[in-house]
Amino acid sequence: AMSRLAADGFKYTVYSKEDNVSSTIARRLQVTVQMPWYLNQVNPGSSVRLVLNDEGLPVYQGLEPVNFTLLVPRSLVDNGTAGGVLQYGHGLFGSRSEVNEGYLDAEANKNGWILVASDWLGLSEYDEVAVALMLASDVSNFAMVPDRCTQGMLNALIVMRLMKTEFYKDPSVIFNGRSVVNPDLRYYDGNSQGGILGTVYMAVSQDVVRGTIGVGGTPYNLLLPR
């Protein structure tokens, strides 16, 4: 997926820009990225599976739109400086909107972090009904969860790669002629499910070497069977 994007380039659109969001956030962006897709369908459901070849490797299915949120703290704009990118991972059946919570805003403003967040497909708020129906009707379709999670992990990795390679030059993060994004500083922070999946993110990411794993509790491979 990464080599495909390197060859073809990122395709993204800033579809929402909100200024003066709060006392700590100067700008909130909603961005759609065309993601390499490896599932047999886009929407959650019991029939969702990764499309695999005879060797068990995922097969590219084209591009699909995926959204992420970006927050610019006031401190970077007021000081005319560029801050590192902190990617946030939300909790069980949550969404990227958790990045808007007040304590994260305050920490980002204090430390000069650009906050970004995407949805953990498979165990996000958009999957809750499908997962509940599967558990109540036919648990043999449980593969829908890890397969959607695999695509969700790829989406998160690609969001950070976009921040590193291209998005820091986008006009939406330029203030007074300077970008407020420092693409050389990249971090991860996740809590609860974001802590559990964050261990995978930190293990496979080639762009982030420092992260915090909050209240992870226990790995899903132990938690779910019990």
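To be clear, the structure that these remarks concern was listed above.
Here goes a summary of the coordinates provided. What you are looking at is a predicted structure, and each value in this text was computed from that prediction instead of being measured.

Cut-offs and rules
Residues numbered from 1 in each chain as written. Predicted model: local features only at pLDDT ≥ 70, side-chain atom pairs only at ≥ 80, totals over all residues. Heavy atoms only, no water. Buried < 20%, exposed > 50% of the residue type's maximum accessible area, 1.4 Å probe, protein only. Helix = DSSP H or I, 4+ residues; strand = E, 2+ residues; numbered from the N terminus. Arc of directions from axis to C-beta. Contact = heavy atoms within 4.5 Å. Pairing = 2+ DSSP bridges. Patch = residues over 30% accessible without salt bridge, like charges linked within 9 Å, V, L, I, M, F, W, Y side chains within 5 Å. Areas by Shrake-Rupley, 256 points an atom, 1.4 Å probe, with all protein chains shown as cover. Salt bridge = Lys/Arg side-chain N within 4 Å of Asp/Glu carboxyl O. Axes fitted to C-alpha atoms, helices over the stretch in contact; angles between N-to-C directions. Core = buried A, V, L, I, M, F, W, Y, C linked by side-chain atoms within 4.5 Å. Parallel < 35°, antiparallel > 145°, perpendicular 65-115°, else oblique. Left-handed = near helix turned anticlockwise from the far one by under 90°. Nonpolar A, V, L, I, M, F, W, Y, C, P; charged D, E, K, R; others polar. Phe/Tyr/Trp six-rings, centres within 6.5 Å; stacked < 30°, edge-to-face > 60°. Lys NZ or Arg CZ within 6 Å of the ring centre and 35° of its normal.

Description of helix α3 (residues 102-111)
When α3 is considered as a whole, its buried residues turn out to be Leu 104, Asp 105, Ala 108 and Asn 109. Around the axis of α3, the buried residues are gathered within 130° of arc, so they sit on the same side. In α3, the exposed positions that point more than 90 degrees away from the buried face belong to Gly 102 and Lys 110. On its buried face, α3 is in contact with β2 (25-36), β3 (63-73), α2 (74-79), β4 (83-89), β5 (113-118) and β8 (181-191). Positive backbone phi, at 75°, marks Gly 112, one or two positions downstream of α3.

Remarks on the pairing of strand β1 (residues 12-19)
Two strands pair when backbone bridges link them, and β1 and β2 are joined in this way by seven bridges, in the antiparallel orientation. When the sheet's bridge partners are listed, Lys 17 is paired in β2 with Leu 29. Between β1 and β2, which pair antiparallel in sequence order, lie five residues; one of them, Asn 20, sits at a positive phi of approximately 50°.

Thoughts on a nonpolar patch on the surface
Nonpolar side chains collect at one region of the surface, where Leu 135, Val 139, Phe 142 and Leu 224 lie side by side and expose about 360 Å² of accessible area between them. Tracing the backbone shows Val 139 in the loop between α4 (128-137) and α5 (144-165).

Looking at the sheet that holds β3
Spatially, seven strands are ordered β1-β2-β3-β5-β4-β8-β9 in an open sheet, and the strand pairing comes out mixed. Where the open sheet ends on each side, the last strands, each with one partner, are β1 and β9 (210-214). When strand polarity is set aside, the average angle formed by the axes of neighbouring strands in this sheet is 25°. Here β2 pairs with β3 via 11 bridges, running antiparallel. Residue pairing across strands places Thr 32 opposite Asn 67, the latter belonging to β3. Packing against the sheet, α3 makes contact with β2, β3, β4, β5 and β8, and its axis sits at approximately 145° to β5. Relative to β2, α5 is tilted by about 120°, and along the sheet it contacts β1, β2, β3, β4, β5 and β8.

Focus on the nonpolar core
Counting residues in each nonpolar core, the largest one holds 50 residues, and the members touching the most others are Phe 68, Leu 70, Ile 114, Met 163, Val 180 and Tyr 201. Sorting the residues of this core by element identifies β2, β3, α2, β5, α4, α5, β8 and α6 (193-204) as the ones contributing at least two each. With 12 residues, the single largest contributor to this core is α5. Aside from chain neighbours lying at most four places away, what touches Leu 70 is Arg 27, Arg 28, Leu 29, Ile 114, Leu 115, Val 116, Met 163, Phe 167 and Val 173.

What about the packing of α5 against α6?
Put simply, α5 and α6 touch, their axes get as near as 11 Å, and they point 55° apart. Taken together, α5 and α6 sit at an angle that is classed as oblique. For the crossing formed where α5 meets α6, the hand is right-handed. Within the contact between the two elements, α5 uses Met 153, Ala 156, Leu 157 and Met 160 and α6 uses Leu 197, Val 200, Tyr 201 and Val 204. When grouped by side-chain class, the residues that make up the contact of α5 with α6 number eight nonpolar, no polar and no charged.

Focus on unusual backbone geometry
Positive phi values are uncommon outside glycine, yet Phe 93 reaches one of about 55°. Mapping Phe 93 onto the fold places it in the loop between β4 and α3. The phi dihedral of Asn 176 falls on the positive side, at around 55°, and the residue is not glycine. Within the secondary structure, Asn 176 sits in the loop between β6 (174-175) and β7 (178-179).

With respect to the packing of aromatic side chains
One pass over the structure, following the stated rule, counts four aromatic pairs. Between Phe 68 and Phe 167, the ring centres sit 6.1 Å apart and the planes meet at 70°, which makes this aromatic pair edge-to-face. Here Phe 68, found in strand β3, pairs with Phe 167, found in the loop between α5 and β6; they are 99 residues apart in sequence, far enough to count as distant. On the basis of relative accessible area, Phe 167 is assigned to the buried category, the value being 0%. The rings of Tyr 12, Phe 68 and Phe 167 are connected pair by pair, giving a single aromatic cluster. Arg 4 extends its terminal NZ or CZ atom over the ring of Tyr 60, reaching a point 3.6 Å from the ring centre.

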